[in-house]
Amino acid sequence: MTSTNPTLDLAGGASAPPAGPRPARRSSARAAETRRKWYEIIGLTTPAVIVYVMFVLVPMGFAFYYSLFRWRGVGPPTDYVGFDNYVLAFQDPIFLDALRNNAIIVFGSLLIQGPIALGVALLLNRNFRGRTLFRLLAFVPYVLAEVTVGIMWKLLLSDAGTVNAMLESLGLGSLVQAWLADLDVVIWTMLAVLTWKYVGFAIILLLAGLSNVPQELNEAAAIDGASWWQIQRHVTLPLLGPTIRIWMFLSMIGSLQVFDVIWVTSVPAVRSLGASATMATYMVDNGFFARLWGYGNAVAVILFAISFVAAVLFQRFLLRRDIEGAITRRAN
Amino acid sequence: MAIKRRATTFLALSMTTALLVAGCGGGGESEAPAESELYKNPVTLTWWHNASQDGPGKEYWAKVAKDFSALHPTVTIEVEGIETNQLQRTRLPAALLSNDPPDIFQAWGGGEIREQVEADYLKDITDQVKDEVANIGSAVEIWQVDGKQYGLPYRMGIEGIWYNKELFQQAGITAPPATFDELNDAVTKLKAINVIPIAVGAGDKWPAAHWWYNFALRACSVDTLRKASLENNFDDQCFVKAGQDLKAFIDTKPFQPNFIATPGQNDPTSANGLLANGKAAMELMGDWNKGTLDTVTEDQEALNKFIGWFPVPAITGSAGDPKAALGGGDGFACAKNAPAECVEFLKYIVSPEVQKGYAETGTGLPVAKGAEDGVKDPALKSILEATTSATYVQLWLDTAFGSTVGNAMNDAIVAIFAGNGTPEQVVEAMKAAARK
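Given the structure is predicted, the values throughout are model-derived calculations rather than measurements.

(A) Local environment of the overall build of chain A. The number of helices and strands found in chain A is 15 helices and two strands. Split into buried and exposed, the 332 residues of chain A put 33% on the buried side. The long-range fraction of contacts in chain A, counting pairs at least 24 apart against all pairs at least 6 apart in sequence, stands at 68%.

(B) Seen up close, the nonpolar core. By size, the foremost hydrophobic cluster in this structure holds 204 residues, and its most contacted members are Val299(A), Ile104(B), Ala216(B), Cys334(B), Leu346(B), Met409(B) and Ile413(B). The leading source of residues in this core is helix 8 (residues 186–211) of chain A, at 11 residues. The two domains that each donate at least three residues to this core are domain 1 (37–157 + 328–383) and domain 2 (158–326 + 396–435) of chain B. Not counting residues within four places of it along the chain, the set of residues in contact with Ile413(B) comprises Ala208(B), Ala209(B), Trp212(B) and Val426(B).

(C) Fine view of the UniProt feature "domain: ABC transmembrane type-1" (unreviewed entry) in chain A. Per the UniProt record, "domain: ABC transmembrane type-1" (unreviewed entry) is found at residues 99–314 of chain A. Segment residues 99–314 of chain A splits into 77% helix and 0% strand. End C-alpha atoms: 19 Å apart.

(D) Structural context of the UniProt feature "transmembrane region" (unreviewed entry) in chain A. Mapped onto the present numbering, the UniProt feature "transmembrane region" (unreviewed entry) falls at residues 41–66, 103–124, 136–156, 185–208, 246–264 and 292–314 of chain A. Regarding residues 292–314 of chain A, the helix share stands at 96% and the strand share at 0%, and the terminal C-alpha atoms are separated by 33 Å.

(E) Spatial organisation of the domain arrangement of chain B. All names here are of chain B. For chain B, the assigned domains are domain 1 (37–157 + 328–383) and domain 2 (158–326 + 396–435). The straight-line distance from the C-alpha centre of domain 1 to that of domain 2 is 28 Å. Counting residues at the interface gives 17 residues for domain 1 and 16 residues for domain 2. Counting residues per element, the ones that place at least two in the side of domain 1 that touches domain 2 are helix 4 (111–118) and helix 16 (378–389). With four residues, helix 16 is the single largest residue contributor to the side of domain 1 that touches domain 2. When the residues that make up the side of domain 1 that touches domain 2 are grouped by side-chain class, the tally is five nonpolar, nine polar and three charged.

(F) View of the pairing of strand 11 (residues 324–334) of chain B. Residues and elements named next belong to chain B. The element strand 11 is largely enclosed, with a buried count of 11 among its 11 residues. Bridging between strand 3 (residues 104–107) and strand 11 involves four bridges; their strand directions are antiparallel. For Phe105, the partnering residue across the bridge sits in strand 11 and is Ala333. Here seven bridges tie strand 6 (residues 151–158) to strand 11, and the two strands are oriented antiparallel to one another. Looking across to strand 11, one finds that Met156 is bridged to Gly329.

(G) Representation of the packing of helix 13 (residues 279–289) of chain A against helix 14 (residues 293–317) of chain A in the model. Residue and element names in this part refer to chain A. Between helix 13 and helix 14, whose axes approach to 7 Å, the crossing angle comes to 165°. When the axes of helix 13 and helix 14 are compared, the pair comes out roughly antiparallel. Read as a crossing pair, helix 13 and helix 14 show a hand that is left-handed. The residues of helix 14 that touch helix 13, namely those facing Met279, Ala280, Tyr282, Met283, Asn286, Gly287 and Phe288, are Trp293, Tyr295, Gly296, Val299, Ala300 and Leu303. Within the contact of helix 13 with helix 14, the residues separate by chemical class into 10 nonpolar, three polar and no charged.

(H) A look at the interface of chain B and chain A. With 38 residues of chain B at the contact, the number on the chain A side is 53 residues. Elements represented by at least two residues in the side of chain B that touches chain A include exactly helix 1 (6–24), helix 3 (84–97), helix 4 and helix 18 (403–418) of chain B. The element contributing the most residues to the side of chain B that touches chain A is helix 1 of chain B, with nine residues. Tallied by class, residues from the side of chain B that touches chain A come to 20 nonpolar, 10 polar and eight charged.

(I) Structural view of the sheet that holds strand 10 (residues 307–311) of chain B. All names here are of chain B. As summarised here, the arrangement of the four strands in space is 8-9-7-10, forming an open sheet in which the pairing is mixed. Both outer strands of the open sheet, strand 8 (196–199) and strand 10, are each paired with one neighbouring strand and no more. Neighbouring strand axes in the sheet, compared pairwise and without regard to direction, differ in orientation by 25° on average. For strand 7 (residues 160–164) and strand 10, the ladder comprises five bridges, and the chain directions are antiparallel. Residue pairing in the sheet places Gly160 in a bridge with Pro311 of strand 10. Against the sheet, helix 16 makes contact with strand 7 and strand 10, and its axis sits at roughly 10° relative to strand 10, the strand it touches most.

(J) Inspection of the environment of Gly362(B) at higher detail. Residues and elements named next belong to chain B. Positionally, Gly362 belongs in the loop between helix 15 (352–360) and helix 16. Through-space distance from the C-alpha of Gly362 to that of Asp373 is 12 Å; in sequence the pair is 11 residues apart. If we ignore the near neighbours within four places in the chain, the residues touching Gly362 are Pro56, Lys290, Gly291 and Asp377.

(K) Expanded view of helix 13 of chain A. Residue and element names in this part refer to chain A. Among the 11 residues in helix 13, 11 count as buried, and that is most of the element. Inspection of helix 13 places Met279, Ala280, Thr281, Tyr282, Met283, Val284, Asp285, Asn286, Gly287, Phe288 and Phe289 among the buried residues, and these make up the whole buried set. Just beyond helix 13, the residue with positive phi is Arg291, at close to 55°.

Calculation rules
- Residues numbered from 1 in each chain as written.
- Chains lettered and ligands numbered in written order.
- Predicted model: local features only at pLDDT ≥ 70, side-chain atom pairs only at ≥ 80, totals over all residues.
- Helix = DSSP H or I, 4+ residues; strand = E, 2+ residues; numbered from the N terminus.
- Buried ≥ 20, exposed ≤ 12 C-beta atoms within 10 Å, placed from the backbone.
- Contact = placed C-beta atoms within 7 Å.
- Core = buried A, V, L, I, M, F, W, Y, C linked by C-beta atoms within 7 Å.
- Domains from an automatic or database assignment.
- UniProt positions renumbered as here; feature names shortened; annotations may be inferred.
- Nonpolar A, V, L, I, M, F, W, Y, C, P; charged D, E, K, R; others polar.
- Pairing = 2+ DSSP bridges.
- Axes fitted to C-alpha atoms, helices over the stretch in contact; angles between N-to-C directions.
- Parallel < 35°, antiparallel > 145°, perpendicular 65-115°, else oblique.
- Left-handed = near helix turned anticlockwise from the far one by under 90°.

Following this line, the structure appears as structure tokens:
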């Protein structure tokens, strides 16, 4: 190879065209380059775009279309009612209960999981014996299937279940509750189960974020005489910001759409009374079980709209710096 | 936290798919071949039933399909057992919207079959099944719309109270209660020996709602109930009375604590489990209950010894017919464009021999005359007798009124159970749902 290169260069130089047409050739070459780039972009993204349009945008369009009908899923929808289904939803106290429950889960998850995950992640980021084991244990609930978790907690939390039995034998009989039957308690029970299930995800994300904090900064701070707490507070935490914000974003969207754990852990009666319903369980209960397909689609659209607005606001105000950083870096 | 879009996507997707396929359907309506062409050409029938769990029910349907193919080698039957809720709420509606529904499938009768007929999904089988209809009797009415037959039942039974004879004896109750006063009396006596008088799986909603249905059956005349089923007319005061009677009954505290979260069946903490394991003395349930009690009991022999059945007690001085009962069944219907062999297979399923075999599985009561010998269990035998002697059998109200009204009604009844609903709200919810 090395021996042939000079020859090639020479040949290239020898056959080099005169200066005149050169700029034209160059611009047409650039155009060809641009075209090639576009072909590449189109060729590579088309499959994904087709799948996205077919399975995300088109269904969303249909959901909105169906939501304008009074339709029970028998025969094609014909009874156009405009936005009546949306009005009905916001007039239904159970749907408003579902909204309240979603809000409890969104904020409850952020306020409870955040500090726990941060503390555990900082702890697990230090070197100690059995660290891998602890990391594994913290992550196990997240890996378990939702239905498994739901059934497990349903049994543990039943009246004669393990949780109440443990409380009794610890002398905490006064704390014994009808965890899944008391209509005022059940949403907090759900929040606890969800926290147990998903805190591992937050921990893993934050651990990944921590591993990106340069060790040199910690060392430099330590040399300057900062204590472990000061290092965490003034070096680690600020650098962990982007990870925390991404986790908050994912947690919020997940909380708005939470379905399976609640569906399995909480019985239909308690859901239909509004005590543990979320927008997603309300949608399935009404769309399929009450066979109000048009109405169910309206609820689906509301759920989408709320999630979408929340996501956009979050990105606009909290994720902006992170996203800008990424874009600026690429531009440089 | 959860990153779950599945539910939304699933709903949107399934509805979309349904519409897309529905758009392609519609054309090519195949005429049913003449009688002489039956079994000439090879056909494949797809059959969706709800015996999805491994057990005698599922095995029996597999055998029935195999036997029919052996009798008629041109017919191949593809059987699929699908869990009831999934089948009724999602799979079947979506398949019926498409141009490729199963040929023969589970049909629950009542309001649902009415909607399906209005959408032109089902085959009118009136002329082909005259003999079968005559042999089954009045139960077939549930699968009729405007006097035409669209499906046939294979199981039918009335509900009543399953009870523990030994606990009754210990409590000093000499005979099964025949009136609600006697029932209340029994409840008091059972409390005195520290057992749960009545188990109710209110967590699943319908087991609780069935108490209201029975109060409605006692409070309303047969005509009122018929009118309610056909026209969704709930103006009669008897529907409010049903709720008032229910509220008064709940106030006597006959049920287990925290019943609002107790599931109906399938696990030891369910209402079924409480009765099957001697913790509760009674449970209001349909004829299928023996099979579900068997799956949750810790001691099968003890269960067989103590389990008994009696009809829902009458209310003295009420407008309803004291010998009327609530009941329901399971049937099958053929899709509009299913091959003619489908009807033949349906007739085969309800033939006395096949019905007798079905009765022997113990999963439910047969409907065809000549199959009674297959019923061996004493409790089931007493239900069979009561079913035959009932003057009027009212289909489960949630099925009779259709899913939309049925669901709203059950939700409102559950609210009474939870202590935050009123009898009037049940009727209001039913009327509101009828307009949805």
